[in-house]
Structure formats: structure tokens, C-alpha cells
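# Descriptive structure summary
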Amino acid sequence: VAPVVAAETDGERVTESLKALAVVARTYMLSHPNRHADEGFDFCDTTHCQFYRGESDLAAEVAAPVVASAVAATAGEYLSYASEPVETYFTAACGGKTLTPEMVWGGASKGYPYHRIVCRWCRGSRFDRWARSASTDAVLEALSLALGFRLAPTAEIIITSDGRDEFVRAITIKDTLHQATMSADQFRRAIGQRLGWNTVISPKTLPRTA
């Protein structure tokens, strides 16, 4: 837990916020066993699961004693709902308004009393508006592998979004022979697995290809 907290935070270390993150990170581990079972392990070390740079990360951190002590102070603590660990998801910035798990990943509600909230802190974040770049060839190659058929170089990527919140709900990819629709999360996974998980950093907006 401690190396995850160290990797997932940046800048000034505030003890109480580190404690909160430690509880959330620990709860995430307890509620997501076998996340990469088909690959032979539970979690990856990228932001797809939780960022992790190794046990030596703590020794390299100037604020290591602060991180380690904050994690130790919450040892054994986790969040639960209906006597089970909650599927705790967190993000560096929500873009000014949070999303429910169902909005991001689809599927049926877990019954959690989650509600969207307006966040004035993230509204002013540098990630409120973001941009990433990737070549058209690389993007189409990643999508072709995910979809199981070869897309033509002239393929179109069409975004369906919620105009009010700029939340991308679906992406349609089509060329002269094929058409497929993916959720924003499926699109991010397809791109992330080939081009890195920070290529598409949220479903709020999507990068242009160039």
C-alpha cells in the first residue's frame, strides 16, 4: 500500500490526505482480486489499476517517513458497504464533476448510494481541459487489434458525448467495410494497452489524432 500511495501522490504531502488515500488504495486491492487473472497476476503497476514503482520507491522519496507513517496509522482499515469492501475508484482530477461507476464502465449498479457531485477543486485543475497526441496509424492499429478486424487508413472515429458535461459515452469506428461501437472505457483500454495508459486519461474528452 505504501509504495502505491507514494506513486499516486505528487507535490506537498499532507498526512491526513495520505491516510485517506491509503484507506482507498487498500480497499481497492481488497475489492478487485484477480483483476488481471487471465495474465497470471492480480494488478498491473500502471494507472489502469494503481500506479506502483516498486518497494524501492519509498526509499527514494524525500517524504518517505510521512508516507510510511500515514499508511501505518491506517493499517487494516478499509471502506465497506453491506459488509463487503467497496469498489473504490479514484482519479487525479475529476474535471469538475464526478461520474458514477456505471457511467464509466456500464453494467448494473452495485447498489452503492453514489451520486455525482460538482467539484470546484478539480474545475480549476490543469486536467480540467487536456490534450494528448498519437498518430493515426498507431490509433487505428490499436483499435484493429481490439476489434478483431483490420480498419482501413480512412476509417472515421465518431464520438457520442453528453453535451452538458462533455462526457464521452461511446465511440463509433467505421470504414467502408466495418462499423463498431465501443464504450469510452473500451476505447481507452484498447488505446492504453498499445500506446500507454496516459494517452487517453479520462472519458471527459478524447484526443485528436495527428
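Please read these numbers as outputs of a predicted model, since none were measured by experiment.

### Focus: the pairing of strand S5 (residues 179-183)
Burial along S5 is one-sided: Ala180 and Met182 are buried, and none of Gln179, Thr181 and Ser183, which face the opposite way, are. Pairing between strand S4 (residues 167-174) and S5: five bridges, direction antiparallel. Counted as the bridge partner of threonine 172 is threonine 181 from S5.

### Regarding the confidence of the model for the protein
Of all residues in the protein, 90% attain a pLDDT of 70 or more, and the chain-wide mean is 84. For the stretch residues 206-210, pLDDT sits under 50, and the model shows 19 contacts to residues farther than four places along the chain or on other chains.

### Quick word on the packing of aromatic side chains
If you walk through the whole model with that rule in mind, you get three aromatic pairs. Look at tyrosine 28 and phenylalanine 43: their rings are 6.2 Å apart centre to centre, the planes differ by 40°, and that puts the pair in the tilted class. Placement of tyrosine 28 in helix H2 (residues 15-31) and of phenylalanine 43 in the loop between H2 and helix H3 (56-60) is noted, with a sequence separation of 15 residues between them. Relative accessible area serves as the criterion here: at 28%, phenylalanine 43 is assigned to the partly exposed category. Aromatic rings pair up to connect Tyr28, Phe43 and Tyr89 into one cluster. The ring of tryptophan 121 is capped by arginine 120, whose NZ or CZ atom sits 4.2 Å from the centre of that ring.

### Examining helix H8 (residues 184-195)
For H8, built from twelve residues, the straight-helix expectation of 16 Å at 1.5 Å per residue is met to within 8% by its first-to-last C-alpha distance of 16 Å. Along H8, the positions that sit buried rather than exposed are Ala184, Asp185, Phe187, Arg188, Ala190, Ile191 and Gly192. Along its buried surface, H8 packs onto helix H5 (101-105), helix H7 (136-147), strand S3 (156-162), S4 and S5.

### What to know about the pattern of salt bridges
One pass over the structure, following the stated rule, counts three salt bridges. Across the pair glutamate 141 and arginine 150 runs a salt bridge whose closest N-O atoms are separated by 2.4 Å. Exposure remark for glutamate 141: the relative accessible area of 28% places this residue in the partly exposed category. Using a relative accessible area of 52% as the deciding quantity, one classes arginine 150 as exposed.

### Comments concerning H2
Residues spaced three or four apart along an α-helix point in a common direction, a consequence of the helix completing one turn every 3.6 residues. Taking 1.5 Å as the rise per residue, H2 with 17 residues should run 24 Å; its terminal C-alpha atoms sit 24 Å apart, in good agreement. Among the residues of H2, those classed as buried are Leu18, Leu21, Ala22, Val23, Val24, Ala25, Arg26, Thr27, Tyr28 and Ser31.

### Describing the environment of threonine 172
Within the fold, threonine 172 resides in strand S4. Expressed as a C-alpha distance, the spacing of threonine 172 and serine 183, which sit eleven residues apart in the sequence, is 8.7 Å. If we ignore the near neighbours within four places in the chain, the residues touching threonine 172 are Glu156, Ile157, Ile158, Gln179, Ala180 and Thr181. In terms of polar contacts, threonine 172 uses its side chain to reach the side chain of threonine 181, at 3.1 Å.

### Let's talk about the packing of H7 against H8
Orientation of H7 relative to H8, taken along the N-to-C sense of each, is 115°, at an axis distance of 9 Å. Classed by the angle they form, the pair H7 and H8 counts as roughly perpendicular. Of the two elements, H7 crosses H8, and the hand of that crossing is right-handed. Contacts between H7 and H8 pair Ala138, Val139, Ala142, Leu143, Leu145 and Ala146 from the former with Phe187, Ala190, Ile191, Arg194 and Leu195 from the latter.

### What about the nonpolar core?
The biggest cluster of nonpolar side chains holds 17 residues, and the ones touching the most others in it are Leu143, Leu151, Ile171, Ile173, Met182, Phe187 and Ile191. Elements with a minimum of two residues in this core: H7, S4 and H8. Contacts of methionine 182, omitting those with residues within four sequence positions, involve Leu143, Ala146, Leu147, Ala170, Ile171, Ile173, Phe187 and Ala190. Membership of the second largest hydrophobic core comes to nine residues, among which are Ala2, Val5, Val67 and Val71.

Conventions we followed
Residues numbered from 1 in each chain as written. Predicted model: local features only at pLDDT ≥ 70, side-chain atom pairs only at ≥ 80, totals over all residues. Heavy atoms only, no water. Buried < 20%, exposed > 50% of the residue type's maximum accessible area, 1.4 Å probe, protein only. Helix = DSSP H or I, 4+ residues; strand = E, 2+ residues; numbered from the N terminus. Pairing = 2+ DSSP bridges. pLDDT = per-residue confidence, 0-100. Contact = heavy atoms within 4.5 Å. Phe/Tyr/Trp six-rings, centres within 6.5 Å; stacked < 30°, edge-to-face > 60°. Lys NZ or Arg CZ within 6 Å of the ring centre and 35° of its normal. Expected span 1.5 Å × (residues − 1). Salt bridge = Lys/Arg side-chain N within 4 Å of Asp/Glu carboxyl O. Polar contact = N/O pair within 3.5 Å; in protein donor to acceptor, adjacent residues only side chain to side chain. Axes fitted to C-alpha atoms, helices over the stretch in contact; angles between N-to-C directions. Parallel < 35°, antiparallel > 145°, perpendicular 65-115°, else oblique. Left-handed = near helix turned anticlockwise from the far one by under 90°. Core = buried A, V, L, I, M, F, W, Y, C linked by side-chain atoms within 4.5 Å.

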